[in-house]
Amino acid sequence: MIQPLTDEKPYTLTPGSDGLIETQTLEVSIGPQHPSTHGVFRMDCVLDGETVVALKPVMGYLHRNHEQLAEKMVWLGSMPYTDRLDYFNSMTNNWAYALAVEKLAGIKVPERAEYIRVIMSELTRLLNHTCVIGFMLQDLGAWGTPLLYAFREREKILDLFEAVSGSRMMCNYMRFGGVRVNLTDQDLVVAKDIVSRYPGFLDEFEKLLTSNEVLLARTQRVGILPKELAINASISGPVARASGVEYDVRKVDKYGVYGRFDFRVPVGDIGDVYDRYYIRVLEMRESLKILQQALRDIPQGPHIAPEVKLRNFKVPPGDGYGRIEAPKGELGFYLVSEEGGGKQPYRYHVRPPSFVNLTTLEDMCLGHKVADVVIVLGSIDIVLGEVDR
Amino acid sequence: MEAIEKIKDLAAQTVSGAKIEIINSTPAAQQPALLVDREHIYAVAKFLKEDLRFQMDFCSCVTGVDYLPKADKPGCIEIVYHLYSVAQRQGPLVLKVRAPRELEQCHVPSLTPLWRGCEFQEREAYDLYGVKFDGHPDLRRILMWDEFTDYPMRKDYVPPADYEWEPTPHDDTLQRAVDEGGIMPPTAREELAKAKKK
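These notes cover the structure that comes with them. (Residues numbered from 1 in each chain as written. Chains lettered and ligands numbered in written order. Predicted model: local features only at pLDDT ≥ 70, side-chain atom pairs only at ≥ 80, totals over all residues. Heavy atoms only, no water.)

### Quick notes on the pattern of salt bridges
All names here are of chain A. This structure, assessed with the given rule, holds 43 salt bridges over all chains. In this structure, the salt-bridge partner of Arg389 is Glu67, at a minimum N-O distance of 3.1 Å. Separated by 322 residues along the polypeptide, Arg389 in the segment after α15 (384-388) and Glu67 in helix α1 (residues 66-71) bring together distant segments of the chain. Take Glu67: its relative accessible area is 3%, and that puts it in the buried class. (Salt bridge = Lys/Arg side-chain N within 4 Å of Asp/Glu carboxyl O. Helix = DSSP H or I, 4+ residues; strand = E, 2+ residues; numbered from the N terminus. Buried < 20%, exposed > 50% of the residue type's maximum accessible area, 1.4 Å probe, protein only.)

Here it is as structure tokens:
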């Protein structure tokens, strides 16, 4: 042990049992105010030299009791609050909540509204995955350039969201039984334009990144998540698929009109950070396929079920769980409607994908250097608005 | 997936002594649940996970619901598990277990040894509802801070006295601060001392 340097105690080194200087592990708290944690998130790491020997995630800094807020207002009242869960993907959050309520109340959604929902959520998936790759490269030290390329493309999609819903990020667009406003022909032209140009951008992005030597060196064989553990720990979304779990709620539940589209589910085989990067690129290409089909087939018709009265909206008593494939994984809402009431949820629970995906953070980081923790966390893709609720 | 009645019979045959009940959801949702008693929930869950007819290997969602006592029935905290099968593409199978609302008796067995995915979600249920999961490897608060003593998602939770914070409270706000007491900035404390002298 190293003694403090004072007049009374001379500076000495106490040798350990093997004759060398005795060492000890070091506990380091990364976060909550650290750019690599993507928000107010903290990791308590125990380091042996530079190697991680234990890691505990600490969260709750952004906790605002979202669930209790929603239980104190009418069903529709919490729709704008769902935007703030995963604030990158407000469209898919809206859809998950609307889907759960529609399941409880037995509402049928018109054709055109289903197509609009698919278009909006696949565009959301595009922008989320593009930005996540940008952020991952930022975590590796590629400051600015990949992220700004990603944000340039994201901006085009956000402009469309603004034209459709009136807001770039907090869209508040879906309603029980459909969507708030119909898409105009002009909006569809803009969407088609984005979809037709996106593959070119992806090619450019991939040319810069996919076989980049630095990216390969830093991400391959880092943060491996075995398939069995991924299933057992309820990991979902691109993280699970990178580990070889062939499971996509769009394929399994076929909610909305996803049963009609021809697309494939890309699956990784090692489950390291590189697989998680590349799965997202492949998923974007599949999303573009879905978008092309949806934009081609979208029918005319009402954008919201006319029989749904959103004012004084009531849900029959009982409970139900609705889930969708959000860009980050399985986003579910568990809702309970009370007997004799039904004007507001008795219980409202969000099953956030990023929160559950953090379960195996320690398993993925053990044995790696502390610098790899940052990139492993970046590859899980968390948003603290959703983790802490 | 097989009908819920058949699953119930199979589980009751395999786990002797288990009291299993079927609870229906809304007519539209069609997600009936199995309500299992606390002593046998672990065995029933293990059966559903390992039996090749179900293979419920994916525990998607874990949460609590607080039911206040009513005239005709006592209250309870209900823990709800939503199980899916990745191997067989089926689900959801809903498992429910109930515990009394009183804090000392509010215990249920943890299912984290079966599904790692329950780890954080059971911690969250403990944090917000005060349910102790026996056998959980690391049962700590997760969203609220460690020093917090109450369980905020319970239906009878009363938030602490919360008067509007003002640098120099006066009139109604000062009166409420005097009546209810609470944390206040130093200037407010001086004002309060003055008000008490009068």
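### Focus on the interface of chain B and chain A
On the chain A side, the residues contacting the 45 residues of chain B number 48 residues. In total, chain B and chain A occlude about 3,800 Å² of area from one another, counting both sides; carbon and sulfur atoms represent 55% of this. Three residues, B:Arg116, B:Phe120 and B:Leu143, lead the burial of chain B against chain A; their summed loss comes to 18% of the area buried on that side. The interface formed by chain B and chain A contains 4 salt bridges. A salt bridge links B:Arg116 to A:Asp363; the shortest N-O distance between them is 3.1 Å. Summed over the shared surface of chain B and chain A, the result is 22 residue pairs in polar contact (both at pLDDT 80 or more). Ranked by residue count, the leading element in the side of chain B that touches chain A is strand β3 (residues 58-67) of chain B, at 10 residues. Taken together, the residues of the side of chain B that touches chain A break down into 23 nonpolar, 10 polar and 12 charged. (Contact = heavy atoms within 4.5 Å. Buried area = accessible area lost by both parts, 1.4 Å probe. Polar contact = N/O pair within 3.5 Å; in protein donor to acceptor, adjacent residues only side chain to side chain. Nonpolar A, V, L, I, M, F, W, Y, C, P; charged D, E, K, R; others polar.)

### Section: the sheet that holds strand β2 (residues 42-48) of chain A
All names here are of chain A. On the basis of which strands lie adjacent, the open sheet formed by 3 strands has the order β1-β2-β3 and antiparallel pairing. The open sheet has two edge strands, β1 (26-30) and β3 (51-58), and neither has a second partner. In this sheet, neighbouring strand axes are inclined to one another by 20 degrees on average, regardless of whether the strands run parallel or antiparallel. Summarising the sheet, β2 and β3 pair through 7 bridges and their orientation is antiparallel. Bridge pairing in β3 links Asp48 to Thr51. (Pairing = 2+ DSSP bridges. Axes fitted to C-alpha atoms, helices over the stretch in contact; angles between N-to-C directions.)

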